[in-house]
Amino acid sequence: MSAATCPEPTPAERARSVLSAAGSLTLTTQGHRVELIGLHTVDAAARLLLHNPPDGHLAAELAVAPHGDLAALVEFTDIAPVAVRERVRARLALGGRLTALGPKALVFNPARAVLTDDEGSAVVGLDELTLAAPDPLAPHEAEMLARLDAAHAHTVAPLARLLPARQQLRATAVRPLRLDRHGLVLRLERPGSHQDTRLPFAAPATHPGEAVRQIHALLAEATARPRSRRLPTGS
């Protein structure tokens with residue numbers, strides 16, 4: 001399957017997946033900038049429900065806001081769970097309005113999102129963000145990638161045999177970078193640079209068990225091929 005036809009998540013789907021899996025965020029208003037760790041949830045409409053930070057600064061700022069809400073920017077950083085070079089996979093910035101939701105909670109209603117990764121920035125509108133669903137593997141991705149990386153010599157290194165020989169040139173390490181329902185993304189590291197390449201699944205995986213079976217199918221295909229001398233075997 002060519003790169004042009006290889007299925008992968010849309011920017012809106014990737015944005016929802018970042019929201020689904022993120023444990024922390026940075027919230028900026030005109031008067032404050034705070035880091036919130038483990039203090040948010042996301043509802044079906046892509047609203048962020050925030051527990052009011054203990055210092056109470058945001059609640060105080062909202063209390064004197066002329067219209068009862070504040071323009072705010074929420075930022076997420078999507079970091080690879082595997083120790084690769086340049087671990088930031090994407091950054092997600094949401095612009096919208098912050099309002100109070102009872103005495104101990106706040107709600108952030110996004111108006112648009114901007115997803116930025118190695119390929120550039122993509123603007124995601126509110127309708128796209130609301131209609132998109134997070135990837136079913138997003139909540140499990142970190143654990144699954146960590147297990148793959150721990151079994152590198154038996155899984156990731158052989159999987160790299162599925163890549164074109166030209167991509168293996170000068171590669172010093174091959175690591176699992178990203179996993180979603182459409183496939184597994186490998187990072188080939190070279191001296192001073194890297195390249196990310198997707199291995200597509202035969203069919204989309206709807207849960208972790210299916211993804212494991214698809215990876216095993218890729219591994220069976222890879223081990224049936226002769227090993228390239230160019231392929232690094234270690235991390």
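Given the structure is predicted, the values throughout are model-derived calculations rather than measurements.

Participant: I keep staring at the sheet that holds strand E11 (residues 193-200) and nothing clicks. Help me out?
Facilitator: Sheets are built from strands that pair by backbone hydrogen bonding, the pairs being arranged parallel or antiparallel. If you walk across this open sheet you meet the three strands as E9-E10-E11, and the pairing is antiparallel. Strand pairing shows two members of the sheet lacking a second neighbour, strand E9 (173-180) and E11, which therefore form its edges. Strand-to-strand, the axes of this sheet are offset by a mean angle of 25°, without reference to chain direction. Alignment of E9 against strand E10 (residues 183-190), held across seven bridges, turns out to be antiparallel. Opposite Val174, over in E10, you have Leu188 as the bridge partner. Sheet strands in contact with helix H4 (residues 141-150) are E9 and E10, and its direction is about 155° off that of E9.

Participant: Whenever I open this one, helix H7 (residues 208-223) confuses me. Can you help?
Facilitator: An α-helix turns once every 3.6 residues. As a result, residues three or four positions apart point the same way. Look at H7: 22 Å from first C-alpha to last across 16 residues, which is about the 22 Å you get at 1.5 Å a residue. Those residues of H7 not exposed but buried are Ala211, Gln214, Ile215, Leu218, Leu219 and Ala222. In an axial view of H7, the angular spread of the buried residues amounts to 145°, which keeps them on one side of the axis. For H7, the secondary structure elements touched by its buried residues are H4, helix H5 (156-159), E9 and E11.

Participant: I would appreciate a short explanation of the pairing of strand E4 (residues 48-51) in the present structure.
Facilitator: Within a regular strand, the side chains alternate between the two sheet faces. Only one face of E4 is covered, namely the one carrying Leu48 and Leu50; the face carrying Leu49 and His51 has none of its residues buried. Bridge count for strand E3 (residues 40-42) against E4 is three bridges, and the pairing is antiparallel. Paired with Val42 across the strands is Leu48, a residue of E4. Between E3 and E4, which pair antiparallel in sequence order, lie five residues; one of them, Ala46, sits at a positive phi of approximately 70°. Pairing of E4 with strand E7 (residues 105-117), which is carried by four bridges, proceeds in the antiparallel orientation. In the strand pairing of E7, Leu50 is matched with Leu106.

Participant: How do you make sense of the domain arrangement of the protein chain when you look at a structure like this?
Facilitator: A common way to report how large an interface is uses the accessible area buried once the components associate. Its domain assignment divides the protein chain into domain 1 (11-131) and domain 2 (140-224). For domain 1 and domain 2, the distance between their C-alpha centres works out to 30 Å. Together domain 1 and domain 2 conceal approximately 1,100 Å² of surface at their shared face, both sides included; 45% is due to carbon and sulfur atoms. At the junction of domain 1 and domain 2, the tally comes to two salt bridges. Note that Glu141 is salt-bridged to Arg89, the shortest N-O span being 2.8 Å. The interface formed by domain 1 and domain 2 includes nine residue pairs in polar contact (both at pLDDT 80 or more).

Participant: What am I meant to see in H4 here?
Facilitator: Of all the positions in H4, only Glu141, Met144, Leu145, Leu148 and Asp149 are classed as buried. End-on, the buried residues of H4 take up no more than an arc of 135°, which puts them together on one face. Exposed residues lying more than 90 degrees from the buried face of H4 are Arg147 and Ala150. Where H4 is buried, its residues touch strand E6 (88-100), H5, E9, E10 and H7.

Participant: Could you clarify how one ought to interpret the nonpolar core in this entry?
Facilitator: Across soluble globular proteins, you tend to see nonpolar side chains buried next to one another. Judged by nonpolar contacts, the single largest core of 29 residues is most densely connected at Leu27, Leu48, Phe76, Leu92, Leu94 and Leu98. Those elements that provide at least two residues to this core are helix H1 (11-21), strand E1 (24-28), strand E2 (33-37), E4, helix H2 (57-63), strand E5 (69-79), E6 and E7. For Leu94, the contacting residues outside a window of four places in its chain are Leu19, Leu48, Ala72, Leu73, Val74, Phe76, Phe108, Pro110, Arg112, Ala113 and Leu129. With 27 residues, the next largest nonpolar core counts Leu137, Met144, Ala160 and Ala205 among its residues.

Participant: When you look at the side chain of Thr26 in this model, what are you seeing that I'm missing?
Facilitator: Looking at the element boundaries, Thr26 is found in strand E1. In this structure Thr26 comes out as buried when scored by relative accessible area, which is 10%. Filtering out sequence-adjacent residues up to four positions away, Thr26 remains in contact with Arg33, Val34, Glu35, Leu73, Val74 and Glu75.

Participant: What exactly am I supposed to notice about the layout of surface pockets here?
Facilitator: Take a probe with the size of a water molecule and roll it over the atoms, and the empty space left behind shows itself. The space that makes up the second largest pocket amounts to roughly 520 Å³. Taken together, 27 residues form the lining of the second largest pocket, with Val18, Ala21, Asp78, Ile79 and Arg89 sitting closest to its centre. Contributing elements (two or more residues each) for the lining of the second largest pocket: H1, E1, E5, H4 and E9. Taken together, the residues of the lining of the second largest pocket sort by class into twelve nonpolar, five polar and ten charged. Each of domain 1 (11-131) and domain 2 (140-224) contributes no fewer than three residues to the lining of the second largest pocket.

Here is what the cut-offs are and how they apply
Residues numbered from 1 in each chain as written. Predicted model: local features only at pLDDT ≥ 70, side-chain atom pairs only at ≥ 80, totals over all residues. Heavy atoms only, no water. Pairing = 2+ DSSP bridges. Helix = DSSP H or I, 4+ residues; strand = E, 2+ residues; numbered from the N terminus. Axes fitted to C-alpha atoms, helices over the stretch in contact; angles between N-to-C directions. Contact = heavy atoms within 4.5 Å. Expected span 1.5 Å × (residues − 1). Buried < 20%, exposed > 50% of the residue type's maximum accessible area, 1.4 Å probe, protein only. Arc of directions from axis to C-beta. Domains from an automatic or database assignment. Buried area = accessible area lost by both parts, 1.4 Å probe. Salt bridge = Lys/Arg side-chain N within 4 Å of Asp/Glu carboxyl O. Polar contact = N/O pair within 3.5 Å; in protein donor to acceptor, adjacent residues only side chain to side chain. Core = buried A, V, L, I, M, F, W, Y, C linked by side-chain atoms within 4.5 Å. 1 Å grid on protein atoms, 1.4 Å probe; cavity = no way out; pocket = protein on both sides within 12 Å on 5 of 7 lines; lining within 4 Å. Points joined across faces, edges and corners; volume = space filled by probe spheres on them. Nonpolar A, V, L, I, M, F, W, Y, C, P; charged D, E, K, R; others polar.

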